[in-house]
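Topology and contacts: notes
Spelled out from the first residue to the last, the chains are:
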Amino acid sequence: MIRVTREDFSVDEVVASIRSGGMGAIVTFLGTVRNSSQGRDVDRIEIQVYEEMAVKQLQAIREDAITNFGVEDVAIVHRYGSLGVSDNIMMIAVGASHRPEAFEACRYVLETIKEKVPLWKKEFTPEGDYWIEGEEYERTE
Amino acid sequence: MKVRLKFFASFRLLTGTAGTELEVPQGSTTSDLLELVREMYDGFNEKTVLYAVNGEYVGEEVGLKEGDSIAFFPPVSGG
């Protein structure tokens, strides 16, 4: 399952989308909105996406993870739009015969998303609004 | 030939638009277009610019075709 959506998702539904009898391990990662960043309070965030490209990139990352780590299946859901503190941002679920490859593939998927998939977070704080660009913060005037 | 430009995140502030069409010479490459965009919009020179053609990351000297959609954006921050 690859999904880029404004809507919230059910953790159970994402896990169910990959669960199968050959799996002895399903590793999940759930990313959520933190209430602070760079010493500033965060009231909410917005996520912008280049959707057509993001879907293609996520499909390629999923296929790479299955091929390179020998896991059985991978689901990735990423939200965009306006999100409040503690809201779900994204989820990765990786199912494999055994846990080592499931953990490794989950980490690979997460780090590759952070490096390559065209999604950007904007944080709304009492001191102003900031686009996050890689490791940089760009204030919005 | 005409190509379509798309901008994302803070680049929409720099350019004042999410996208526009641009006439470029036949035979233009991605690096030619990036140079043109850097000249067109103040502030681009100081930025790290990533780009994609028709939704795929490509190299610097890739030839462009009529109707191509080229996206320019800052380093990503999803996840």
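Below or above, wherever it landed, is the structure these notes cover.

Thresholds applied
- Residues numbered from 1 in each chain as written.
- Chains lettered and ligands numbered in written order.
- Predicted model: local features only at pLDDT ≥ 70, side-chain atom pairs only at ≥ 80, totals over all residues.
- Helix = DSSP H or I, 4+ residues; strand = E, 2+ residues; numbered from the N terminus.
- Rg over C-alpha atoms; globule rule 2.2 N^0.38 Å.
- Buried ≥ 20, exposed ≤ 12 C-beta atoms within 10 Å, placed from the backbone.
- Contact = placed C-beta atoms within 7 Å.
- Pairing = 2+ DSSP bridges.
- Axes fitted to C-alpha atoms, helices over the stretch in contact; angles between N-to-C directions.

With that settled, consider the overall build of chain B. When its secondary structure is counted, chain B shows two helices and five strands. Listing the helices and strands of chain B from first to last along the sequence gives β-α-β-α-β-β-β. Since a compact globule built from 79 residues should have a radius of gyration of about 12 Å, the 12 Å found for chain B is in line with a globular shape. Once the C-alpha set of chain B is aligned to its principal axes, its extents read approximately 35 × 25 × 20 Å. Out of the 79 residues in chain B, the part that is buried amounts to 24%. For chain B, contacts bridging at least 24 residues in sequence account for 56% of all contacts bridging at least 6.

All names here are of chain B. Two strands pair when backbone bridges link them, and strand E1 (residues 2-7) and strand E2 (residues 19-23) are joined in this way by five bridges, in the antiparallel orientation. Paired with Lys6 across the two strands is Gly19, which belongs to E2. Across four bridges, E1 lies against strand E5 (residues 69-73) in parallel orientation. Each residue of the ladder has a partner; that of Phe7, found in E5, is Phe72.

With that settled, the discussion passes to the pairing of strand E9 (residues 119-125) of chain A. Regular strands place their side chains on alternate faces of the sheet. Residue and element names in this part refer to chain A. Judged from the six bridges that link them, strand E5 (residues 44-49) and E9 form a sheet pairing that is antiparallel. Along E9, the bridge assignment pairs Ile47 with Lys121. Strand direction decides the pairing type here: E9 and strand E10 (residues 128-133), joined by four bridges, are antiparallel. Bridging across to E10, Phe124 finds its partner in Asp129. Where E9 folds back on E10, the antiparallel hairpin that results is connected by two residues.

What follows covers the sheet that holds E10(A). All names here are of chain A. The sheet built from five strands is open, its strands ordered E7-E5-E9-E10-E11 with antiparallel pairing. Bordering the open sheet on either side are strand E7 (81-84) and strand E11 (136-140), each of which pairs with just one other strand. Each strand of the sheet is rotated relative to its neighbour by a mean of 30°, with strand direction disregarded.

Residues and elements named next belong to chain B. With mixed pairing, five strands are arranged side by side in an open sheet as E2-E1-E5-E3-E4. For this open sheet the edge positions go to E2 and strand E4 (56-57), each flanked by a neighbour on one side alone. Bridging between strand E3 (residues 50-53) and E4 involves two bridges; their strand directions are antiparallel. Of the residues in E4, the one forming a bridge with Val53 is Glu56.

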